[in-house]
Every structure is written in structure tokens, then in C-alpha cells.
Amino acid sequence: MHEDIDKAYSFDSLDKHSFGTRLFIRVADLAFYGLIRVIGLLVSFEVEGIEHIEAIESSGRKPIYCFWHDQIFLSTYYFRDRGIVVLTSQSRDGEYIARFIKRFGYGAVRGSSSRGGVAGLVEMIRLTRKGLPMGLSVDGPKGPRHVAKSGAVMLAKKSGFPILPFAIRPQKYWTVNSWDKLVIPKPFTTAIVTIEKPIEVSADASEAEQEVKLVELQSTLDRLAADGGG
């Protein structure tokens, strides 16, 4: 395995942190992993549009999975063990998030729209060229809620991989009082997974064409949310 690929899937050293911070990161890591796994096991999934993933992979490419940040809880569980690489913050919170998502079979690139975002996007582009699928909560990490940022379109242009919008809609759930109104499914509920048609971005797309693709991504996710996806 290439060194940069191995780094994406392995735990980072915590040596740079104080004892208290290391303890916090490890406890938060295991707590979130356990919570998502237990609740995920108690949710039934009904899937629409799985053929879009199959079509992308049969073409020799991988998807760039895109969704709203409020659906990150069930998305983490449902799409586990697919080797999807996601972007996580360089903050302390990003440290434990990177660790527990790796327990679910994800890779992680450190960066965000507010800190280290350009470097994170460049690394994601590098990893797509090694054949790895990507995942982006396109209004994360801090909003504005349900406003798509341009990173997914740029990643699609540079990689040749299509954007794949999706939503996961539990029928019964709690809403967290956070900026994204995070959705936590109630045990034993059913969740509808809707995978939309891929959005292609050509390698020579102009800024105007990229803006059209961003509007298409925004409108697709808006429609899914209006249907009950957030």
C-alpha cells in the first residue's frame, strides 16, 4: 500500500497532545463509535438508486458521495467499510472524529473550509487518482446549513469522478440543537436511503459551468431535504 493511502486509513499519533487531551480524544472516539454502531444496528434501511453506484464503479471510477451535514450520523453507519475518504477538521474535535470514522472503514484527510481546506482538497484529489472514493458533507463543517460549497465540484473536475448526491431519511428521529440540526435516528425506525443520479463535471469546465454544477448539486440536495431528508 502506498504511504499516503496508508496514512489516510491509519490512526494519527496523539503524542503532540497533553495527557488530558489524549484521554478526551480516546474516550470521545470510542463513545461515538459505540453510539453510531449500536443505533445503526437497530435501524432498517430501504434503498433507492443503488444502481447509480454500480454504474459508476462499472465504468472504472468511484463516486464522490455528497450530502448535508445533518445526516452524518446514519451516513457514517450505512456507507461503512467502503473505503470512502472524508475531510475532517484539524481541530481537536476533528481528531476524535477521524479516529472513530476509521473504525468504520473510512479514510480521513485533515482540513476544512475554515482551516487547511485547500491542502485537504489537494490531498483528496491526489487520493482519487489512486482510485479511492470520496465523501463530503457539502455544507460542513460549520455551515451555513444547507448551503453547498464548491469543493465537491472542484474535486469532480480534477478527478474525473462524478458527484453522487444522496440523503438518508429516518422516519423517527431526534434533532440536536446544533448549527446543522443533526438528525439522530430513533432505535427500530426505518430509514430511506435515496441515491440520486450522478452529476458529471468535465475536466475543462469553465467557472460558469462549475457554478451551474454547484447549483445542480444544491437543488438536488434541497429537493431531497424537502422530501423529508432534513
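How each quantity is defined
Residues numbered from 1 in each chain as written. Predicted model: local features only at pLDDT ≥ 70, side-chain atom pairs only at ≥ 80, totals over all residues. Heavy atoms only, no water. Helix = DSSP H or I, 4+ residues; strand = E, 2+ residues; numbered from the N terminus. Expected span 1.5 Å × (residues − 1). Buried < 20%, exposed > 50% of the residue type's maximum accessible area, 1.4 Å probe, protein only. Contact = heavy atoms within 4.5 Å. Pairing = 2+ DSSP bridges. Patch = residues over 30% accessible without salt bridge, like charges linked within 9 Å, V, L, I, M, F, W, Y side chains within 5 Å. Areas by Shrake-Rupley, 256 points an atom, 1.4 Å probe, with all protein chains shown as cover. Salt bridge = Lys/Arg side-chain N within 4 Å of Asp/Glu carboxyl O. 1 Å grid on protein atoms, 1.4 Å probe; cavity = no way out; pocket = protein on both sides within 12 Å on 5 of 7 lines; lining within 4 Å. Points joined across faces, edges and corners; volume = space filled by probe spheres on them. Nonpolar A, V, L, I, M, F, W, Y, C, P; charged D, E, K, R; others polar. Axes fitted to C-alpha atoms, helices over the stretch in contact; angles between N-to-C directions.

Now for unusual backbone geometry. In this structure, Pro141 follows Gly140 across a cis peptide bond, with omega equal to 0°. Within the element layout of this structure, Pro141 appears in the loop between strand E5 (134-137) and helix H7 (151-159). A positive phi angle is found at Lys181, which is not glycine, with a value near 55°. Tracing the chain through its elements places Lys181 in the loop between strand E7 (173-175) and strand E8 (183-185).

For the rest of this paragraph, the subject is helix H5 (residues 92-103). In a regular helix each residue adds 1.5 Å, so 12 residues correspond to 16 Å; H5 covers 18 Å between its end C-alpha atoms and thus fits that length. Looking at H5, one finds that the buried residues are Gly94, Glu95, Tyr96, Ala98, Arg99, Phe100, Ile101 and Lys102. Where H5 is buried, its residues contact helix H1 (3-9), helix H2 (19-41), helix H4 (72-78), strand E3 (85-88) and strand E4 (107-110). Once H5 finishes, Gly105 follows within two positions and takes phi at roughly 90°, a positive value.

Moving on to the pairing of strand E9 (residues 190-195). Burial analysis of E9 places six of its six residues in the buried class, which makes it a mostly covered element. The two faces of E9 match: Thr190, Ile192 and Thr194 on one face and Ala191, Val193 and Ile195 on the other face are all buried. Here strand E1 (residues 44-48) runs beside E9; their pairing, made up of five bridges, is parallel. Paired with Glu48 across the strands is Thr194, a residue of E9. With five bridges connecting them, strand E6 (residues 163-170) and E9 associate as antiparallel partners. In the sheet register, Ile168 faces E9, and the bridge partner there is Val193.

Moving on to a nonpolar patch on the surface. Together, Val38, Leu41, Leu42 and Phe188 give the surface a local cluster of nonpolar side chains, amounting to about 420 Å² of exposed area. By the secondary structure assignment, Leu42 is in the loop between H2 and E1. With a relative accessible area of 31%, Leu42 lands in the partly exposed category.

Below, the discussion takes up empty space enclosed by the protein. Inspection of the entire model under this criterion finds two cavities of 30 Å³ or more. What lines the second largest cavity is Asp70, Gln71, Phe73, Leu74, Ile168, Pro170, Val183 and Pro185. Breaking the lining of the second largest cavity down by element, the ones donating at least two residues are H4, E6 and E8. In terms of residue class, the lining of the second largest cavity is made up of six nonpolar, one polar and one charged.

Of the volumes computed, that of the second largest pocket is approximately 230 Å³. Together, Asp4, Lys7, Ala8, Asp12, Lys102, Ala108, Val109, Arg110, Ala119, Gly120, Glu123 and Leu127 line the second largest pocket. Elements represented by at least two residues in the lining of the second largest pocket include exactly H1, E4 and helix H6 (117-128). Looking at the lining of the second largest pocket element by element, the count peaks at four residues for H6.

Applying the stated rule across the entire model yields eight salt bridges. Across the pair Asp12 and Arg110 runs a salt bridge whose closest N-O atoms are separated by 3.7 Å. With Asp12 in the loop between H1 and H2 and Arg110 in strand E4, this residue pair connects regions lying 98 residues apart in the sequence. A relative accessible area of 25% places Asp12 in the partly exposed class. A salt bridge links Asp70 to Arg145; the nearest nitrogen and oxygen atoms lie 3.0 Å apart. Separated by 75 residues along the polypeptide, Asp70 in the loop between strand E2 (64-67) and H4 and Arg145 in the loop between E5 and H7 bring together distant segments of the chain. Beyond isolated ion pairs, a larger network of salt bridges with shared partners links Asp12, Glu95 and Arg110.

In this section: the sheet that holds E3. Spatially, the seven strands line up as an open sheet ordered E1-E9-E6-E2-E5-E3-E4, and their pairing is mixed. Strand pairing shows two members of the sheet lacking a second neighbour, E1 and E4, which therefore form its edges. Shown here is a sheet whose adjacent strand axes are inclined to one another by a mean of 30°, direction ignored. Sheet strands in contact with H7 are E2, E5 and E6, and its direction is about 170° off that of E2.

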